[in-house]
Amino acid sequence: MALHDLTTWRHEHAFDAGNRAGESRTWIVVAITAVTMVAEIAGGWLTGSMALLADGWHMGTHVAALAIAGSAYVLARRWSRDERFAFGTWKIEVLGAFSSALVLGIVALAMAVESVLRLANPHAIAFGTALVVAAVGLLVNVVSAFVLAGHDHGHDHGDDHDHDDDHDHDDDHDHGHDHGHAHGHGHGHGHGHGHGHGDLNLRAAYLHVLADAFTSVLAIVALAAGMMLGWAWMDPVMGLVGAGVIAWWSKGLVVQSARVLLDREMDTPVAAQVKLAIESDGDAEIADLHVWRVGRASYACIVTIVAKEPLTPDGYRERLAGIPTLVHVSVEVNRCPHLSCP
């Protein structure tokens, strides 16, 4: 049985509005890539071209990776109001980015192994057919890159502005002890402007397309050199170069997404801003601080404060009001019981 009206203190935990534009663009690219994949496999089977068949199946790996990105958007949106997710579902998108980065790394490894094998045992290359395939692949990936980048050329702003109503929780518990614990939970205003570098899921999709376009350019250069100069060795060498660059991109995306998934955010400027704001009076001192990301540009914060003459939790939350990226704040206030307190 409900004893109190808790409406004022309750709030949703969907801190990130998602990126519907990014989601739509991702599925468009999935469709473009899938159609190209089917056309190349069918064309290779009908003409007997191994180059077409190989590129078609290679396209299939990118369809799978891009579908992971699209599915992550769908699941994050579908479960955004599911209360089982303590701080919303945005990290499903980050998990999608992490998975895509792993797939990208596997593609790089496969390219490197195949290139080494080709160097050790050169194969005859149908340069004319292979050039056509590479050119078609490049065209498809350039179109896909423009679709994913939108009007701002890869810096996706997403048009996501998180307008979170302020629901300050004043659960002050004065236990009458010298410790004088007071706990407050605040839900602040978050105006998180989701820039493209923050949407790791969209960046993962973009990197897959960019990686494929890059390998197509390298292939065109190598095939042209082989056809005109007889440098057949250029094909596997360019494969190794492409594998190295793609592996580097994969590593960067793995590190970025893993950092978010593991809540390794204590070196973010937000943590420093919280410490500076709370300890600005020379009395309050932070004993424990936890800051982690709950959206592309939205953070949650739990802070334990010790002071000789402590303010109420509301007083400390007011000090944090100038940090717009904080959308969920929990404050614990303690009176310093020691005689050594200044």
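Residues numbered from 1 in each chain as written. Predicted model: local features only at pLDDT ≥ 70, side-chain atom pairs only at ≥ 80, totals over all residues. Heavy atoms only, no water.

(A) Just the overall build of the protein chain, in detail. Broken down by element type, the protein chain carries eight helices and five strands. Reading the protein chain from its N end, one meets helices and strands in the order α-α-α-α-β-β-α-α-α-β-β-α-β. Counting across all 342 residues of the protein chain, residues that qualify as buried make up 45%. Once local pairs closer than 6 in sequence are excluded, the contacts in the protein chain between residues at least 24 apart make up 75%. Counting every atom, the protein chain has about 17,500 Å² of accessible surface; 65% of that belongs to carbon and sulfur. (Helix = DSSP H or I, 4+ residues; strand = E, 2+ residues; numbered from the N terminus. Buried < 20%, exposed > 50% of the residue type's maximum accessible area, 1.4 Å probe, protein only. Contact = heavy atoms within 4.5 Å. Areas by Shrake-Rupley, 256 points an atom, 1.4 Å probe, with all protein chains shown as cover.)

(B) Looking closely at the pattern of salt bridges. Applying the stated criterion to the full structure yields 12 salt bridges. One salt bridge connects Lys275 with Glu279, and the closest N-O pair in it is separated by 3.2 Å. On the basis of relative accessible area, Glu279 is assigned to the partly exposed category, the value being 24%. Among the ionic contacts, a cluster of salt bridges with common partners joins Arg20, Glu23 and Arg77. (Salt bridge = Lys/Arg side-chain N within 4 Å of Asp/Glu carboxyl O.)

(C) Layout of the confidence of the model for the protein chain. Mean pLDDT for the protein chain: 77, with 76% of residues reaching 70 or above. Averaged over each element, pLDDT in the protein chain is lowest for strand β1 (residues 167-169) (39) and highest for helix α7 (residues 269-278) (94). Across residues 188-197 the pLDDT falls below 50, and counting only partners more than four positions away or on other chains, this stretch makes 35 contacts in the model. (pLDDT = per-residue confidence, 0-100.)

(D) The packing of aromatic side chains, seen in detail. By the definition in use, this model includes two aromatic pairs. One cation-aromatic arrangement involves Lys251 over Trp248; the distance from NZ or CZ to the ring centre is 5.1 Å. (Phe/Tyr/Trp six-rings, centres within 6.5 Å; stacked < 30°, edge-to-face > 60°. Lys NZ or Arg CZ within 6 Å of the ring centre and 35° of its normal.)

(E) Local environment of unusual backbone geometry. Phi at Asp263 takes a positive value of approximately 55 degrees, unusual for a residue other than glycine. Of note, Asp263 is situated in the loop between α6 (234-261) and α7. Asp263 sits in the partly exposed class, given a relative accessible area of 34%.

(F) Geometry of the nonpolar core. Formed by 21 residues in total, the largest nonpolar core has its most connected members in Val274, Ile278, Leu289, Tyr316, Leu320 and Leu326. Among the elements of the structure, α7, β3 (285-295), β4 (298-307), α8 (313-320) and β5 (326-335) are those that each provide at least two residues to this core. Residues contacting Val274, with those up to four places away along its chain left out, are Ile286, Leu289, Cys301, Leu320, Ile323 and Leu326. (Core = buried A, V, L, I, M, F, W, Y, C linked by side-chain atoms within 4.5 Å.)

(G) Main features of a nonpolar patch on the surface. On the surface, a nonpolar cluster with roughly 810 Å² of combined accessible area is contributed by Val116, Leu119, Met227, Met228, Leu229, Trp231, Trp233 and Leu240. One can find Met227 in helix α5 (residues 200-229). (Patch = residues over 30% accessible without salt bridge, like charges linked within 9 Å, V, L, I, M, F, W, Y side chains within 5 Å.)

(H) Molecular detail of the environment of Ala112. The topology assignment puts Ala112 in helix α3 (residues 90-120). Put simply, Ala112 and Gly239 are 127 residues apart on the chain and 6.6 Å apart in space, counted from C-alpha to C-alpha. Ignoring any residue separated from it by four or fewer positions in sequence, one finds Ala112 in contact with Leu240 and Ala243.

(I) Quick peek at the pairing of β3. In the sheet, β3 pairs with β4 via nine bridges, with the strands oriented antiparallel. By the bridge assignment, Trp292 is partnered in β4 with Ala300. Taken together, β3 and the strand that follows it, β4, pair antiparallel across an intervening segment of two residues. (Pairing = 2+ DSSP bridges.)

(J) View of the packing of α7 against α8. Two numbers describe how α7 lies on α8: the axes approach to 9 Å, and their chain directions differ by 125 degrees. Relative to α8, α7 is oriented oblique. The handedness of the crossing between α7 and α8 is right-handed. Residues Val274, Ala277 and Ile278 of α7 touch α8, and the partners they reach there are Tyr316, Arg319 and Leu320. Looking at the contact of α7 with α8 residue by residue, the class counts come to five nonpolar, no polar and one charged. (Axes fitted to C-alpha atoms, helices over the stretch in contact; angles between N-to-C directions. Parallel < 35°, antiparallel > 145°, perpendicular 65-115°, else oblique. Left-handed = near helix turned anticlockwise from the far one by under 90°. Nonpolar A, V, L, I, M, F, W, Y, C, P; charged D, E, K, R; others polar.)

(K) Broad picture of the packing of α3 against α5. It is the contact of α3 with α5, at a shortest axis distance of 7 Å, that shows an interaxial angle of 20 degrees. As summarised for this structure, α3 and α5 are arranged roughly parallel, according to the angle between their axes. When you trace α3 past α5, the crossing you get is left-handed. Of the residues in α5, those in contact with Glu93, Val94, Gly96, Ala97, Ser100, Val103, Leu104 and Met111 of α3 are Leu200, Asn201, Ala204, Leu207, His208, Ala211 and Thr215. Residues of the contact of α3 with α5, tallied by class, amount to nine nonpolar, five polar and one charged.

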